[in-house]
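# Commentary on secondary and tertiary structure
Each chain, letter by letter, is given below.
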Amino acid sequence: MKIEQLIQVVEIAKTKSITMAAKNLYMSQSNLSISIRELEKELNKQIFIRSNNGTKITEFGEKLVEQAAILVKQFEDIKNMSEDLRMQNVKFGISSYYFLFTTYIAEEFFHNHRGIQMVLNLRECSRSDLIENVVDGESEIGILSVPSTIKYQLEATLQKKGLEYHCITEEPAIILVGKNSPLHDADIVEMKELEGYPILDFSEKDQEFLSLSENHLDQLHPDTLLYVSDRTSLLHFLNTTDCYHIATKNLKAYQTYLFHDQLKAILLKDSPFSIEIGWIKKKKEHLSEFGKEFLIRVQESLVLENLKNME
């Protein structure tokens, strides 16, 4: 599935005509029809019913258009933020809050631009470091998770620092455990089952963010809070202790990419919070073409293919 196909679906639904939609999209009617048929085949569901009386949308198609319109709007917003960048010697920085999928996307990005002289800098870091990287211009964009319990405070901090936040997707909270955890065989856990186990989380150098993190995690009544500063230490402690880590595991991203095979992700059934995945940039600054491309790929990885699972 491609973002261009969702744009086509939204346009057909708006005009109620493949002919008119093709005209508005500056493409031939036959090519538009082929594209929609390929999408329907990929989804294994019919989106439009074609007849001599015109084009009618199916019940599934209506649900698809509702979700697709949101994604198309995000896509257009990203395009409008960008500026053309045709230099050969460029620097492009991304900061990520320890997301494994971001590493895979950066790898794809590297392979796609092998013909360009470029310094690509991917930083995995805490939220406070991530924000400072964007403020200082070390990273053009930052990809981070935002628990709903601290979203208001985080957005206020970003506002003061001249940054803007854009949500990509909202995910349920999960716990990550290693093979030595007594919870390892569970598929779903409730909060009461976590009592007595220590929480493992990433450290924050900024006291404000550390306090927010502690207040957020205290809702789970942990036995102990253990902080580490890197992914390797997190994996080690999860695999050798009964600690658990609160996170989100986007199902789409890790259908496409490998997840940590030694860890198990377990849904936290009665979690008092959800977790957003979003991105930040400086206010009033355009995205580079590289920034736009990277963000669209992140959006596709986290959201786009989830439409396949719609009923």
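Described in the following lines is the structure provided in the data block. (Residues numbered from 1 in each chain as written. Predicted model: local features only at pLDDT ≥ 70, side-chain atom pairs only at ≥ 80, totals over all residues. Heavy atoms only, no water.)

All right, on to the sheet that holds strand 8 (residues 188-189) then. Taking strand neighbours across the sheet as the criterion, the 4 strands line up as 8-12-7-11 in an open arrangement whose pairing is mixed. For this open sheet the edge positions go to strand 8 and strand 11 (245-247), each flanked by a neighbour on one side alone. In this structure, strand 8 lies alongside strand 12 (residues 264-268), joined through 2 bridges in parallel fashion. Bridge pairing links I188 to L267 in strand 12. (Pairing = 2+ DSSP bridges. Helix = DSSP H or I, 4+ residues; strand = E, 2+ residues; numbered from the N terminus.)

What follows deals with the packing of aromatic side chains. Two aromatic rings, taken as a pair, are described by how far apart their centres are and by the angle between their planes. On inspection of all chains with the given rule, the structure shows 9 aromatic pairs. Ring geometry for Y98 against F202: centres 3.6 Å apart, planes inclined by 10°, an arrangement best described as stacked. You can see Y98 sitting in the loop between strand 3 (90-96) and helix 5 (100-112) and its partner F202 sitting in strand 9 (residues 199-202), a full 104 residues away along the chain. With respect to burial, Y98 and F202 carry one shared label: buried. Taken together, F92, F109, F290 and F294 form an aromatic cluster joined through their ring pairs. Just above the ring of F60 sits the side chain of K45; from NZ or CZ to the centre is 5.5 Å. The ring of Y97 has R127 sitting right over it, with the charged end atom 4.2 Å from the ring centre. (Phe/Tyr/Trp six-rings, centres within 6.5 Å; stacked < 30°, edge-to-face > 60°. Buried < 20%, exposed > 50% of the residue type's maximum accessible area, 1.4 Å probe, protein only. Lys NZ or Arg CZ within 6 Å of the ring centre and 35° of its normal.)

Everything listed is a geometric property; what it means functionally is a separate question.
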